[in-house]
Amino acid sequence: MPRSRAKAAARPKAAPEALLLASAAGKSVDGAHLVRPTTVSVAAGRCTVLRGENGSGKTTLLRLLAGTTAPSTGTVTLEGRTVDERDPVCRAAIAALLGAPTSYRDLTLVDHLVLVDATWGRGDGAQERAEAMLATLEIGHLEDRFPHELSSGQQQLFHLALTLVRPARVLLLDEPEQRLDTHKRDLLGRLLGQRKAEGTALVIASHDPQLIEAVADDVVDVVPA
Ligand SMILES: Nc1ncnc2c1ncn2[C@@H]1O[C@H](COP(=O)(O)OP(=O)(O)OP(=O)(O)O)[C@@H](O)[C@H]1O
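Keep in mind that what you see is a predicted model, and the values were worked out from it rather than measured. (Residues numbered from 1 in each chain as written. Predicted model: local features only at pLDDT ≥ 70, side-chain atom pairs only at ≥ 80, totals over all residues.)

Trainee: For this particular structure, what's the right way to read the overall build of the protein?
Mentor: In terms of regular secondary structure, the protein is built from 8 helices and 9 strands. Oriented by its inertia axes, the alpha-carbon framework of the protein measures out at about 60 × 55 × 35 Å. Each of the 225 residues in the protein was classed as buried or not, and the buried ones make up 37%. Long-range contacts, defined as pairs at least 24 residues apart, comprise 67% of the intrachain contacts of the protein with a sequence gap of at least 6. (Helix = DSSP H or I, 4+ residues; strand = E, 2+ residues; numbered from the N terminus. Buried ≥ 20, exposed ≤ 12 C-beta atoms within 10 Å, placed from the backbone. Contact = placed C-beta atoms within 7 Å.)

Okay, structure coming up:
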């Protein structure tokens, strides 16, 4: 091996460049900590998992990363730009599933996905993309149902479909495994792995060791206040 090549091989691998970065970001209300100052970063094609006991602040941290809540301390940036959900650049880059998304009683599941697709201006093929996403989550047979006609696990799959159908460079998911059976959790792990391979950055709060094992590149333990 030429000398210069040997040197390059010995050099430590540089950490992947953060796409989304929370630097000592914390939130408190009236002096009470919702989440302690915590540092979290994620690069394109990587997944950071937030782990911690109930009430430790995982959802709050995801809200800070989504820019729906401003940090009381520290900063949250997307490629150096302060994250704020009111900023169209941040909204276009970040898709988040934090609690139940808005749904409409008189729209079917496939109508919801077509609506979301249209919102992002992707042009022709919205119906096909919507149907394909529902089929990927194995709820294609329910496409003409209304949201209130689903079981709780089917609702979770519908919410995931609504989040995954839109283009995004960053996905933030709060306990995406909740209410899913073992087979669907495996399916979710494979889907999230695919999104990583396509270059999406993922931050997930999870209590599921198998999902964490399947997708995590980094784990951040969120310590209760
Ligand atoms: N609006 C609020 N006002 C005051 N305290 C809040 C508010 N929302 C959440 N909290 C508190 O902030 C802390 C963090 O809540 P958070 O939902 O972020 O935790 P979590 O780690 O996601 O919990 P879980 O695993 O149960 O979902 C909790 O102690 C909670 O009681």
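Next comes the rest of the write-up.
Trainee: Explain the sheet that holds strand β8 (residues 201–205) to me, please; I cannot follow it from the model alone.
Mentor: With parallel pairing, the 5 strands of this open sheet are ordered in space as β6-β7-β8-β3-β9. With partners counted over all chains shown, the strands left at the sheet margins are β6 (94–97) and β9 (218–221), one partner each. With strand direction ignored, the average angle separating the axes of adjacent strands in the sheet is 15°. As paired strands, strand β7 (residues 170–174) and β8 are joined by 5 bridges and run parallel to one another. Following the sheet pairing, L173 is matched in β8 by I204. (Pairing = 2+ DSSP bridges. Axes fitted to C-alpha atoms, helices over the stretch in contact; angles between N-to-C directions.)

Trainee: Would you take a moment to explain the site of the ligand for this structure?
Mentor: Around the ligand, the structure places V29, L34, V35, G52, N54, G55, S56, G57, K58, T59 and T60. The set of elements that each furnish at least two residues to the shell around the ligand consists of β2 (32–43) and α2 (58–66). The element that contributes the greatest number of residues to the shell around the ligand is α2, accounting for 3 residues. (Near = placed C-beta within 6 Å.)

Trainee: Can you help me understand the packing of helix α4 (residues 109–119) against helix α5 (residues 126–136) in this one?
Mentor: The description of two packed helices rests on the angle between their axes and on the distance between the axes. Following both chains from N to C, one finds α4 and α5 inclined at 125°, their axes separated by 9 Å at the closest point. Taken together, α4 and α5 sit at an angle that is classed as oblique. α4 and α5 meet at a crossing whose hand is right-handed. Along its contact with α4, which presents L109, V110, L113, V114, D117 and A118, the element α5 presents A126, Q127, R129, A130, E131, M133 and L134. Here the contact of α4 with α5 is composed, by residue class, of 9 nonpolar, 1 polar and 3 charged. (Parallel < 35°, antiparallel > 145°, perpendicular 65-115°, else oblique. Left-handed = near helix turned anticlockwise from the far one by under 90°. Nonpolar A, V, L, I, M, F, W, Y, C, P; charged D, E, K, R; others polar.)

Trainee: Teacher, can you tell me more about the UniProt feature "domain: ABC transporter" (unreviewed entry) in the protein here?
Mentor: UniProt feature "domain: ABC transporter" (unreviewed entry): in the numbering of this structure it lies at residues 20–224. In residues 20–224, helix accounts for 36% and strand for 26%; the two terminal C-alpha atoms are 23 Å from one another. (UniProt positions renumbered as here; feature names shortened; annotations may be inferred.)

Trainee: Sorry if this is basic, but what is going on with the sheet that holds strand β1 (residues 18–29) here?
Mentor: Consider a sheet: its strands pair through backbone hydrogen bonds, and that pairing is either parallel or antiparallel. Across the sheet, 4 strands lie side by side as β2-β1-β4-β5; this open sheet has antiparallel pairing. Looking along the sheet, the strands with just one partner apiece sit at the ends: β2 and β5 (81–82). As paired elements, β1 and β2 share 8 bridges and run antiparallel to each other. Note on β2: the bridge partner recorded for A22 is V40.

Trainee: Looking at this model, I keep getting lost on helix α7 (residues 182–197). Mind explaining?
Mentor: Think of an α-helix as turning once every 3.6 residues; residues three or four places apart then point the same way. Across its 16 residues, α7 extends 23 Å between first and last C-alpha, which sits within 8% of the 22 Å expected from 1.5 Å per residue. A positive phi of about 105° marks G199, the residue just after α7. (Expected span 1.5 Å × (residues − 1).)

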